[in-house]
Amino acid sequence: MARVKWPTWQQAAIAAVVSGIIAIVLARRRRSTGRTPPGFGEAFATEFALISALYSIWRIARKLPLAQDAGAIERARTIVDVQEAMYLPSELGLQEFILDNDWLGWPTTLYYATLHVPTLVAFLVWLFVWHRDQYPHWRNGLVFLTGTCLVIRFWRVAPPRFLTDLGYEDLSEIFGPSIYGPVGTGVSDQFAAMPSIHVGWAAVVSFGIVAASTSRWRWLALLHVIITMIVVSATGNHWWLDGIVAIALLGVGLALDTAFRRGGNQTPVVPQAAEVDQVSSVAGVSSNS
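Predicted model, so just to flag it, every value in this text is computed and none were measured. (Residues numbered from 1 in each chain as written. Predicted model: local features only at pLDDT ≥ 70, side-chain atom pairs only at ≥ 80, totals over all residues. Heavy atoms only, no water.)

Participant: I'd like a rundown of the packing of helix H9 (residues 197-212) against helix H11 (residues 240-265), residues and numbers included.
Facilitator: When two helices pack together, their arrangement is captured by the angle between the axes and the distance separating the axes. Contact geometry of H9 with H11 gives a least axis separation of 8 Å together with a crossing angle of 50°. Compared by their axis directions, H9 and H11 come out oblique. When you trace H9 past H11, the crossing you get is right-handed. Taken together, the residues of H11 that come into contact with H9 (itself represented by Val199, Gly200, Ala203, Val204 and Phe207) are Gly243, Ala246, Ile247 and Leu250. (Axes fitted to C-alpha atoms, helices over the stretch in contact; angles between N-to-C directions. Helix = DSSP H or I, 4+ residues; strand = E, 2+ residues; numbered from the N terminus. Parallel < 35°, antiparallel > 145°, perpendicular 65-115°, else oblique. Left-handed = near helix turned anticlockwise from the far one by under 90°. Contact = heavy atoms within 4.5 Å.)

Participant: Quick rundown of a nonpolar patch on the surface? Include the residues and the values.
Facilitator: Among the surface-exposed residues, Phe40, Phe44, Phe48, Val121, Val125, Val129 and Trp130 lie close enough to one another that they form a single nonpolar patch of about 660 Å² accessible area. Secondary-structure elements contributing two or more residues to the nonpolar patch are helix H2 (40-63) and helix H6 (116-130). By residue number, the principal contributor to the nonpolar patch is H6, which donates four residues. Here Phe48 shows up in helix H2. (Patch = residues over 30% accessible without salt bridge, like charges linked within 9 Å, V, L, I, M, F, W, Y side chains within 5 Å. Areas by Shrake-Rupley, 256 points an atom, 1.4 Å probe, with all protein chains shown as cover. Salt bridge = Lys/Arg side-chain N within 4 Å of Asp/Glu carboxyl O.)

Participant: Tell me what's going on with the nonpolar core, and back it up with residues and numbers.
Facilitator: Counting residues in each nonpolar core, the largest one holds 39 residues, and the members touching the most others are Leu120, Phe123, Leu145, Trp201 and Val204. Mapped onto this core, the elements with two or more residues apiece are H2, helix H5 (105-114), H6, helix H7 (135-152), H9, helix H10 (222-234) and H11. It is H9 that contributes the most residues to this core, eight residues altogether. Apart from the residues within four sequence positions on either side, Trp201 is in contact with Trp58, His116, Val117, Leu120, Leu142, Leu145 and Thr146. Counting 14 residues, the second-largest nonpolar core is a separate cluster that includes Val80, Leu92, Ala158 and Leu241. (Core = buried A, V, L, I, M, F, W, Y, C linked by side-chain atoms within 4.5 Å. Buried < 20%, exposed > 50% of the residue type's maximum accessible area, 1.4 Å probe, protein only.)

Participant: A description of the environment of Leu120 should follow, citing residues and the corresponding values.
Facilitator: Considering the arrangement of structural elements, one finds Leu120 in helix H6. The exposure class assigned to Leu120 is buried, which follows from its relative accessible area of 8%. Each C-alpha atom, one on Leu120 and one on Ala202, is 7.2 Å from the other, the two residues being 82 residues apart in sequence.

Participant: Residues and numbers for the pattern of salt bridges, please.
Facilitator: All chains considered together, the criterion is met by five salt bridges. A salt bridge links Asp170 to Arg161; the shortest N-O distance between them is 3.8 Å. Just as Asp170 is buried, Arg161 falls in that class too. Asp257 is paired through a salt bridge with Arg261; the nearest N and O atoms lie 2.7 Å apart. In this pair, Asp257 and Arg261 both sit in helix H11, four residues apart, roughly one turn of the helix. Classification of Asp257 by relative accessible area gives buried; the value is 9%.

Next comes the structure, spelled out in structure tokens:
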């Protein structure tokens, strides 16, 4: 079974270092000529270095530790109980629908395996080039989301495909392509289902396009996060709650960024000249009396 290969953490780290050096060289050249603010090349190199470094850290963190599964299966069963209490639909129903309509199998698994990284990169480039003023807000939301996901991953949770006794299967192994192999191999930690990076990154893309674009077609971007929610559950790789928590974390990250920006933009009120004169005259009268 062919497996999807993404850039390694070493490749991403090299890209980050090279981009960082380019950004430093361009910044020094700009300062030597007295030009401000940073030009497109310098800003792009800086952001590319940052994103590459974050990707490298994500790849390292997602691979360590690959084989620890203590409590993962038990927590997955707890999620099943919680979702039933919340009256959420079963992921098993989606799997059965795909298996009954097997022509959907390969597109579903392909969407899961290949689109989350390219669409995020394309979105960041689009936002940086065409909506630079909104880029920092969504980049910061992305950083918060990814960072918190990497922390929560140490709370081990197995995906649905490991609960074969409940009827779940790994659709990627049936239809391909797959990004996983046996536990302890592959590009990602297979017991880090909660939260879903796939859904979180798709939410960044979908909500970011809706917020930044002025096109009447921008609402179609919501299909990406909706389809992603469906395919991660149908393939047996995530629970509904994995995606819900990821979207909630993005909301928290964006709210924090907005709050910090508002706090940083607050400036002290400087009294006008007339107000200063008035205060001075009042003070003078008070002292004379």
